[in-house]
Amino acid sequence: GEAPPPPPPPEEKKDDEEKAEEEDLIKMKTSILYTVGLLILSFTDLIYVVWLFFVTLAWNWNVWLIPVRCTFPYQTPENIHWWLLMDYFCDGIYIVDIFVMQPRLQFVRGGDIVVSESTCFIWIFFRFVLLILFPLDLLYFFTGVKSLLRFPRLLKYNAFFEFNDRLEAVMSKAYIYRVIRTSAYLLYSLHCNACIFYWGSDYEGLGSTKWVYNGKGNSYIRCYYFAVKTLITIGGLPDPTTVFEIVFQMLNYFVGVFAFSIMIGQMRDVFGAATAGEAYYRHCVDSTVKYMSSYKIPREVQNRVKIWYDYTWKSQGMLDEQELLIQLPDKMRLDIAADVNYSIVSKVALFQGCDRQMIFDMLKRLKSVVYLPGDFVCKKGEIGREMYIIKAGEVQVVGGPDGMTVFVTLRAGSVFGEISLLAGGGGNRRTANVKAHGFANLFILDKKDLAEILVHYPESQKLLRKKAKKMLTKDKKPTDEKDQAKDTGEVIPQRPETPKLFKAALEVGTGQTFAKLKEAYKGATLEVFISPVKPETHCTIFGCSRQKIGIEKQSWRFL
């Protein structure tokens with residue numbers, strides 16, 4: 001009989017190996033994240049995003065209130081100290097951002113990443129400090145507090161757009177923020193128009209005509225109402241009377257139509273991008289239904305197809321994950337696959353001990369497939385070309401006379417069909433029926449994909465074949481070699497017997513043929529007819545001597 005299999009390694013050693021692999025994986029991920037952080041300046045760093053939020057608030061203080069303070073009579077000697085307090089508080093945020101936060105970030109110059117703090121500080125100083133924080137406030141001593149002198153603070157608009165980009169990068173539904181931002185653009189355009197209308201009314205004289213603001217009620221609210229009716233072209237406004245009012249109203253109408261059309265277009269683009277995935281899903285469903293209807297597919301099959309579409313979309317948010325990942329470089333696809341699939345694949349006993357790089361290459365080949373309740377994943381007797389890893393849900397191994405007896409239920413993390421990846425001959429046929437119990441999401445590894453990977457890892461290939469043979473034979477005790485080969489399905493195909501002609505040629509080359517003849521005919525005399533030769537000659541091939549008997553007949557005696 002066969003020798004008993006070697007005892008399994010101690011659990012402690014196995015645990016240590018698994019921990020070492022996990023630590024190596026964590027180190028690899030840390031290195032990747034560190035490298036990405038250098039390249040994109042910590043693009044999703046939440047702390048920096050929060051800081052940019054406060055910088056954006058300071059910038060919005062200047063953007064919204066400088067026009068109001070320049071036109072409306074809201075800044076008075078009685079409250080000037082509150083205005084100045086908020087102004088310099090926002091300037092303090094600017095100073096901290098420019099001298100503390102910005103020098104800590106790297107920037108790209110000519111394709112190179114500049115990481116030197118001194119170089120960053122010089123670059124930031126000439127870009128921001130001389131422009132944004134130029135001290136025009138010193139002119140207050142000569143002109144009084146004029147908010148218009150704070151217009152250099154508006155040049156820090158880059159913080160606003162950087163905040164938008166980074167916030168969208170960390171949001172799962174960025175289109176919500178895009179809608180809010182586009183609405184804010186519309187409100188700000190109306191805000192600026194209200195300020196300009198009050199300035200024009202003050203220039204003409206408050207209440208001097210029916211067209212201008214009459215000075216009653218809340219000035220900002222009434223002017224904002226005028227701006228809304230003008231820019232949105234609602235109508236119902238008093239007719240302008242002076243040349244200034246006519247020119248002002250004409251410009252208002254032109255700008256209003258142009259600005260409002262831009263806002264509507266942006267809103268359409270935002271909602272279109274937000275619903276692009278769902279629109280693609282609906283298009284696929286409609287096209288499939290149309291195809292099935294044209295070929296008169298049975299109603300039951302059509303309903304199952306619709307259920308598959310519905311469940312796949314709701315569970316994954318997409319129909320095919322590979323369509324998204326195909327756009328990424330191989331390195332990034334590997335990082336995503338390692339996060340999603342490594343914890344599952346590393347637990348498969350068949351792949352334990354294999355080259356880790358082979359495992360990583362295999363992760364990129366896994367495909368996610370959803371099976372409906374009652375769907376057969378594989379049937380007995382089918383040719384096995386895939387291995388299955390349960391990502392979510394359950395599958396049942398069924399059989400019996402009626403095919404409904406449940407032998408075992410496999411849950412998330414379980415693996416089946418792995419022997420079919422390595423079996424040869426007839427051993428790759430399925431031995432049981434496996435069907436989905438409820439909705440089941442499975443990872444599939446194709447036999448062809450594994451073969452392409454193992455070409456580059458011969459040691460792992462040998463290890464996998466040994467494990468496959470052991471897994472098939474551990475529960476079976478065949479009576480002879482013939483039965484054993486039949487039962488195991490020839491996981492490792494037996495090498496065919498060497499042809500006799502080729503074997504004879506090998507023996508001639510190594511001298512084995514003549515050694516056998518010498519042993520068999522030792523002491524015998526062999527008569528042959530040959531041409532005359534010398535009386536005494538030693539045969540170096542046969543290892544024998546000869547004596548001359550006649551001219552053509554000679555005697556050979558084996559020694």
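Residues numbered from 1 in each chain as written. Predicted model: local features only at pLDDT ≥ 70, side-chain atom pairs only at ≥ 80, totals over all residues. Heavy atoms only, no water.

## Here we look at the overall build of the protein
Heads up, the condition is: In this text, helices come from DSSP runs of H or I with a minimum length of four residues, and strands from runs of E with a minimum of two, each type numbered from the N-terminal end. Classification of residues uses two cut-offs on accessible area relative to the type maximum, computed with a 1.4 Å probe and protein chains only: under 20% is buried, over 50% is exposed, and between them is partly exposed. Contacts between residues were defined by any pair of non-hydrogen atoms, one from each residue, lying within 4.5 Å. In these tables, accessible area is a Shrake-Rupley quantity obtained with a 1.4 Å probe, and a residue counts as shielded only by the protein chains included in the view.
When helices and strands are counted, the protein shows 19 helices and 12 strands. Within the protein, the proportion of its 559 residues that are buried is 32%. Sequence-distant contacts, at least 24 apart, represent 68% of the contacts inside the protein between residues at least 6 apart. Accessible surface for the protein amounts to roughly 35,000 Å². Of this, 62% is attributable to carbon and sulfur atoms.

## A look at empty space enclosed by the protein
Note the threshold: Within this scheme a cavity is a closed region of a 1 Å grid, computed over the protein atoms alone, that accommodates a 1.4 Å probe without allowing it to escape, whereas a pocket is open but has protein on both sides within 12 Å along at least five of seven lines; lining residues each have an atom within 4 Å of a point. Grid points are joined across faces, edges and corners, and a volume is the space filled by probe spheres set on the points. All residues other than Ala, Val, Leu, Ile, Met, Phe, Trp, Tyr, Cys, Pro, Asp, Glu, Lys and Arg, Gly among them, are scored as polar; the first ten of these are nonpolar and the last four charged.
Under the defined criterion, the tally for this structure stands at one cavity of 30 Å³ or more. What the largest cavity holds in volume is close to 30 Å³. Leu186, Ser189, Leu190, Leu231, Ile232, Gly256, Ala259 and Phe260 together form the lining of the largest cavity. Of all the secondary-structure elements, those providing two or more residues to the lining of the largest cavity are helix 7 (174-204) and helix 9 (243-274). Looking at the lining of the largest cavity residue by residue, the classes come out as six nonpolar, two polar and no charged.

## Quick notes on a nonpolar patch on the surface
Put simply, the rule is: Residues qualify for a patch when their relative accessible area is over 30% and they have no salt bridge, like charges being joined within 9 Å and the nonpolar side chains of Val, Leu, Ile, Met, Phe, Trp and Tyr within 5 Å. When a carboxyl oxygen of Asp or Glu lies within 4 Å of a side-chain nitrogen of Lys or Arg, that pair is called a salt bridge.
A contiguous nonpolar surface patch, about 360 Å² in accessible area, is contributed by Val50, Phe53, Phe54 and Leu57. With respect to the helices and strands, Leu57 occurs in helix 2 (residues 46-71). With a relative accessible area of 46%, Leu57 lands in the partly exposed category.

## A word on the UniProt feature "transmembrane region" (unreviewed entry) in the protein
Note the cut-off: UniProt positions are given in the numbering used here, feature names are shortened, and annotations may be inferred rather than shown by experiment.
Listed under "transmembrane region" (unreviewed entry) in the UniProt record, and renumbered for this structure, are residues 32-60, 80-100, 121-142 and 246-264. For residues 80-100, the end-to-end C-alpha separation is 30 Å, with 100% helix and 0% strand making up the annotated structure. Across residues 246-264, helical content stands at 100% and strand content at 0%; the span's end C-alpha atoms are separated by 27 Å.

## Structural notes on the side chain of Arg430
Within the secondary structure, Arg430 is located in the loop between strand 7 (415-416) and strand 8 (433-446). Not counting residues within four places of it along the chain, the set of residues in contact with Arg430 comprises Cys378, Lys379, Lys380, Gly381, Glu382, Gly384, Arg385, Glu386, Tyr388, Gly417 and Ser420.

## A short note on the nonpolar core
This is how the line gets drawn: Side-chain atoms within 4.5 Å are what join buried Ala, Val, Leu, Ile, Met, Phe, Trp, Tyr and Cys residues into a set we call a nonpolar core.
If you look at the biggest cluster of nonpolar residues, it comprises 25 residues, and the most contacted ones within it are Val345, Phe351, Met358, Ile359, Met362 and Leu363. Those elements that place two or more of their residues in this core are helix 13 (330-345), helix 14 (356-363), strand 5 (386-399), strand 8 and helix 15 (447-454). Considering every element that reaches this core, the biggest residue donor is helix 13, with six residues. Apart from the residues lying within four places of it in its own chain, the contact partners of Phe351 are Val345, Met358, Ile359, Met362, Met387, Leu445, Leu464 and Lys467.

## Side note on the pairing of strand 8
Selection criterion: In short, DSSP must find at least two bridges between two strands for them to pair.
Among the 14 residues of strand 8, 10 are classified as buried, and the element is accordingly described as predominantly covered. In the sheet, strand 3 (residues 367-371) pairs with strand 8 via five bridges, with the strands oriented antiparallel. Its bridge partner being in strand 8, Val370 is matched across the sheet by Asn441. In the sheet, strand 5 pairs with strand 8 via 11 bridges, with the strands oriented antiparallel. What sits directly across from Val395, in strand 8, is Ala436.

## Considerations on the packing of helix 14 against helix 15
Here is the rule: Axes here refer to lines fitted to C-alpha atoms; in helices the fit is confined to the stretch in contact. Angles between the N-to-C directions go from 0 to 180 degrees. Less than a right angle of anticlockwise turn of the near helix away from the far helix marks a crossing as left-handed, whereas a clockwise turn marks it as right-handed.
Where helix 14 meets helix 15, the axes come as close as 10 Å, and the angle between the chain directions of the two elements is 145 degrees. Every pair of crossing elements has a handedness; the one defined by helix 14 and helix 15 is right-handed. The segment helix 14 lies against helix 15, with Met358, Asp361 and Met362 engaging Leu450, Ile453 and Leu454. Along the lines of polarity and charge, the residues of the contact of helix 14 with helix 15 split into five nonpolar, no polar and one charged.

## Some points on unusual backbone geometry
The phi dihedral of Lys296 is positive, around 55 degrees, even though this residue is not glycine. Inspection of the secondary structure puts Lys296 in the loop between helix 10 (276-294) and helix 11 (299-316). A relative accessible area of 72% places Lys296 in the exposed class.

## Remarks on the pairing of strand 6 (residues 405-410)
Here strand 5 runs beside strand 6; their pairing, made up of five bridges, is antiparallel. Bridge pairing links Gly399 to Thr405 in strand 6. Where strand 5 folds back onto strand 6 in an antiparallel hairpin, the turn is made up of five residues, including Gly400, whose phi is positive at roughly 90 degrees.

## Some details on the pattern of salt bridges
The tally for this structure, following the rule as stated, stands at 17 salt bridges. As a salt-bridge pair, Arg150 and Asp91 come within 3.0 Å of each other at their nearest N and O atoms. One end of the pair, Arg150, is in the loop between helix 5 (140-143) and helix 6 (157-170); the other, Asp91, is in helix 3 (residues 80-101), with 59 residues separating them in the sequence. Across the pair, exposure class does not vary: Arg150 and Asp91 are buried alike. Its salt-bridge partner being Asp375, residue Arg304 comes within 2.1 Å of it at the nearest N-O pair. Remark: Asp375 occurs in the loop between strand 3 and strand 4 (376-378) and Arg304 occurs in helix 11; sequence separation between them is 71 residues. A relative accessible area of 21% means that Asp375 is categorised as partly exposed.

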